[in-house]
Structure formats: C-alpha cells, structure tokens
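Listed below, chain by chain, are the residues.
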Amino acid sequence: MLPPSCFIRNPSPTFLPWEWKSPGSRGGCSRGTTSSVLLSSPSQRPVRCALLGAGFAGLSVAWHLLQHSSKELRVCIDIYDEVGIGGGASGVSGGLLHPYSPKAKLLWRGAECWKESLNLLSIAEAAWHSRESTSDTQEFDQELNGFIVRRGGILRPAMDMKNLNVLNDNAQNCLASCRIEPIDKDTAQSLVPKLCVPFNTAFYMPEAVNIHSQRYLQALFLACENLVKELSTSGFGGTKLCLHKKSVNKLLELQGEYDAVIICLGAKADMLPELSGRLPLRTCRGVIAHLQLPDNIGEDYSDHSPSILSDAWLAIQGPRSLYMGSTWEWKSRNYLPNVSAEEATKALQELLPKASAIYPGIKDWTFAAARAGLRAMPPLTPHGSLPLLGCINDLVGGNHACKYWLFGGLGSRGLLYHGWLGKLIAQAVLSGNEDLIPSELTSWRRKSNN
C-alpha cells in the first residue's frame, strides 16, 4: 500500500496538456510536429511520473524532471526499486569516470556526457556537504562516511608498441576539460611508485575522477529530496518525490496511475513481460574485488596517487583500500550482488595476474570482499555501443494514455552517460517529443519493429 501523500490516483487518465496526438494513433509518442513548450497552468493537476530503477539512469532522470518543476508545471515522481538506492549494477560500479574508450578515443558525444556527469557530481557533493545531521539521517550518514568523488586522476600505462602508438594518436584529440598527457616512466612512477611502465610511457588524465558509486547515488537522491523541499518553500507546492522499495512485475500494473513511466532497470528490464526478449541487450556479469593493505605493510598507496587503467583496473579508495575489476561473464542471468567463495576465487585468479602486470605491489594486498552486478550491454553501432532510449508504447502495445519510455543499455559506462542522457529523456518525457533525443539513441527501436 503506497503512502497517500506520495501517490496521486486518477481513475480516468487524461493526456498531458502539451501532448499532440494524431487522429487514429495508438497512443504512441509524437515526433516532428510536437511543440516542446510546456503548456501546463497553475490550476492543472501535477504531471505524474513513475521511474523504475534507482540507479544512475533513474536518479538522473528524477533530478532533471524535478528541475522542470515550477508553478506552471508540477511534477510528482514515484521511484520503484525493490532494493533501494544503488542496489543494482550501478551501486557496484568501479567508479572510474572519463570520456574515453580503452584506446583513449573520445566517445560519442563525450564532451556533453562528461560535462553533465560532472555537473551531477557537484550537485550530489553539495547536497552531502550541506546536510544536517539528525536522528533521521544517522543511518544515511554512516553509509556516506567517506569520499564521494576522489580527484586523483587516472593513469594508463602503454603495454605494447601498438598500444602505445594508438594511445598516442588518440590522445591528440582529447578534451581540454579532461586532458590526456603522455608522461615518461620516471614521472609515472613519481605518481604511482612500483608502477610497471614497460614502454617508458603512460597516459595520465589529471581531471578524470574516481566515484564511490553507492555514496554518490545516495547523495544524488538527497539532492532530489532537497530540491523538492526548496520548491515547496518557494511556493511551488505539489511537486513530490517518493521512493518505494518494491518491484513492478509488469507495466500494466501502473496503468491509469501515471502520465509517463520511464524504465531505468538495466538488465532487469527484460524481466518485464511486455519487454521480455524484445530489447537488443546482452547481459554480462562483472565481479569486483575489494582489496586492503595489511597493517604490517608500512608503505601504503599515496592518497594523492591516481587510479590505474589496464586489462584490469584499480580504483583507489584510500591509502590502504582499493577495488580491482572487472570480470566479464557473458550471458549470465545472475542478478544477485552477492559473490560466492568459488566465484570470488575464480575472479581473483583472473584479475590478479592482470593487475600485477602493471602494479606488482598488488601482491602485498589481501582480499577483503567481492561484489557483482549484471550489466545490460547494448548492440554495437557505427558510433560505438550506445544506450537505448526512446518511447516504447509500440512495444508495450495497447491504447494507453500513459507514455512508456526506456532509458537502458548503459553497459559499463553508466557514470559517463547518465547525466546528459537523463537530461534529454526528461525533456522528451515532459514535452512528449522523442525528437529531442538524438536519432543514434532511438534507431534500435525502429530496427526492433522491422
């Protein structure tokens, strides 16, 4: 039973006041001719949105929907996630954020994605630092006891001559806001003592950051809650945000309750009967190991040293704590974050040789724990592996006043993509205009209908 203050019922759903609907259409989202101007009025009821999933995608969309709230447009958001904030693959992310491929090539629309991700990070940090410690927030404070963003940069050694040449060529086209600097062995080892630099060159990204994903997501949700409070005290009442720790087993459960449903479930989107087997996604389970440096080892990892990228990556959590990842188990259907002793042993056997090839000092670290997430990997396109966005009323079927949207397939780049793409889909949802989303992100839907 949902709290009455969080759930607005409307037994006779109406179309959004700014929505264009062609005669004889089946409730699909409009394209091309739709006005992107929001035409609500103060007397108009709030726009009701359901967000399925409380990971990178879901919370980014929530923030950007709330940003559009005003006296003219009130937004009420219900977030559904059975395990809560960051309980899925997003919360298990290694947290290394930069806009480049493993070959240091700038990813598709990398500049926009990088800018918007940093913007959300600053919003989450501000919410965390301005929070008031009360009895209601003590449990939350304990979860956030540590860094959200670690600004030590990221370092990638060149491991062979071909790799060196490719990295060097692509580094020439780096963003000014996220530089890639070729550095020699001595400079690299001044940043990370004991680092292996076999070809005397490493590539340093000083502006790249390391995010503690779980803390970041908790702080971003706090920022959303704070924004709702600010809107209320500013006279923009009616805007609401509620988190429901429950799953939605099928989309039709929500029929009649919402103007828009945005599916941000990652790999679990395929569990919805309306979408099962209809999304061009592949699943891949990844295990991340948490390693700690024993107290009897005196030389720790400098708190200002960068994280490391190679065949295995090392995301530094502190002088004596790091995450090592990640494995790739394709076609897995294991959604559980828990890792068995057997799976952890197998992951260590795979990852430790790769990590020791670049950082031999890893032999002094001991295994503390392991966690896993199931990635939703999108298909390869001429622009790379891009997330799947768009209105999916045609896939859901039926004649629905509610509009169903998908924001999925972030793969292993959820941190990079979530900010900009969350902003785009929020705008598309509130305007009813799918054309606000780049066609590269919606072309999958047209192919699925063929």
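Residues numbered from 1 in each chain as written. Predicted model: local features only at pLDDT ≥ 70, side-chain atom pairs only at ≥ 80, totals over all residues. Heavy atoms only, no water.

Per an unreviewed UniProt entry, the chain carries the name FAD dependent oxidoreductase domain-containing protein and comes from Vitis rotundifolia.

A. A look at the pairing of strand β11 (residues 282-292). Across the 11 residues that make up β11, a large majority, nine, are buried. As paired strands, β11 and strand β16 (residues 366-377) are joined by 11 bridges and run antiparallel to one another. Looking across to β16, one finds that His-290 is bridged to Ala-369. Bridge analysis of β11 against strand β15 (residues 329-330) gives two bridges, and the strand direction is antiparallel. For Arg-285, the partnering residue across the bridge sits in β15 and is Glu-329. (Buried < 20%, exposed > 50% of the residue type's maximum accessible area, 1.4 Å probe, protein only. Helix = DSSP H or I, 4+ residues; strand = E, 2+ residues; numbered from the N terminus. Pairing = 2+ DSSP bridges.)

B. Highlighting the packing of helix α1 (residues 56-67) against helix α2 (residues 110-129). Here α1 crosses α2 at 80 degrees, and the two axes come no closer than 12 Å. By the angle between their directions, the pair α1 and α2 is classed as roughly perpendicular. Each of Ser-60, Trp-63 and His-64 in α1 lies in contact with α2, whose residues at this interface are Glu-116, Leu-120 and Ile-123. Residues belonging to the contact of α1 with α2 are distributed by class as follows: three nonpolar, two polar and one charged. (Axes fitted to C-alpha atoms, helices over the stretch in contact; angles between N-to-C directions. Parallel < 35°, antiparallel > 145°, perpendicular 65-115°, else oblique. Contact = heavy atoms within 4.5 Å. Nonpolar A, V, L, I, M, F, W, Y, C, P; charged D, E, K, R; others polar.)

C. Spotlight on the sheet that holds strand β3 (residues 96-97). Taken together, three strands build an open sheet; the order of strands is β3-β8-β4 and the sheet is antiparallel. Only two strands of the sheet have a single neighbouring strand rather than two, namely β3 and β4 (149-150). Sheet analysis places β4 next to strand β8 (residues 209-211), joined by two bridges and oriented antiparallel. Paired with Val-149 across the two strands is Ile-211, which belongs to β8.

D. Quick peek at the environment of Leu-374. Looking at where Leu-374 falls in the secondary structure, it is placed in strand β16. A relative accessible area of 6% places Leu-374 in the buried class. Measuring from C-alpha to C-alpha, the distance between Leu-374 and Ala-89 comes to 5.7 Å, with 285 residues separating the pair along the chain.

E. Quick look at the nonpolar core. Core analysis: the largest hydrophobic core is formed by 86 residues, its most contacted members being Leu-65, Ile-79, Tyr-216, Ile-262, Trp-405, Phe-407 and Ile-425. Residues within four places of Ile-425 in sequence aside, it is in contact with Val-61, Ile-262, Leu-389, Gly-390, Trp-405, Leu-406, Phe-407 and Ile-437. Within the second largest apolar cluster, 25 residues are counted, among which are Val-192, Leu-314, Leu-322 and Ala-355. (Core = buried A, V, L, I, M, F, W, Y, C linked by side-chain atoms within 4.5 Å.)

F. Geometry of the pattern of salt bridges. A complete count under the given rule lists 14 salt bridges for this structure. Among the ionic pairs, Arg-179 bridges to Glu-181, the shortest N-O distance being 2.8 Å. Residue classification places Arg-179 among the partly exposed positions, given a relative accessible area of 35%. Between Arg-333 and Asp-270 there is a salt bridge; the shortest N-O distance is 3.2 Å. With a gap of 63 residues between them, Arg-333 in the loop between β15 and α7 (341-358) and Asp-270 in the loop between β10 (260-263) and β11 connect regions that are remote in the sequence. (Salt bridge = Lys/Arg side-chain N within 4 Å of Asp/Glu carboxyl O.)

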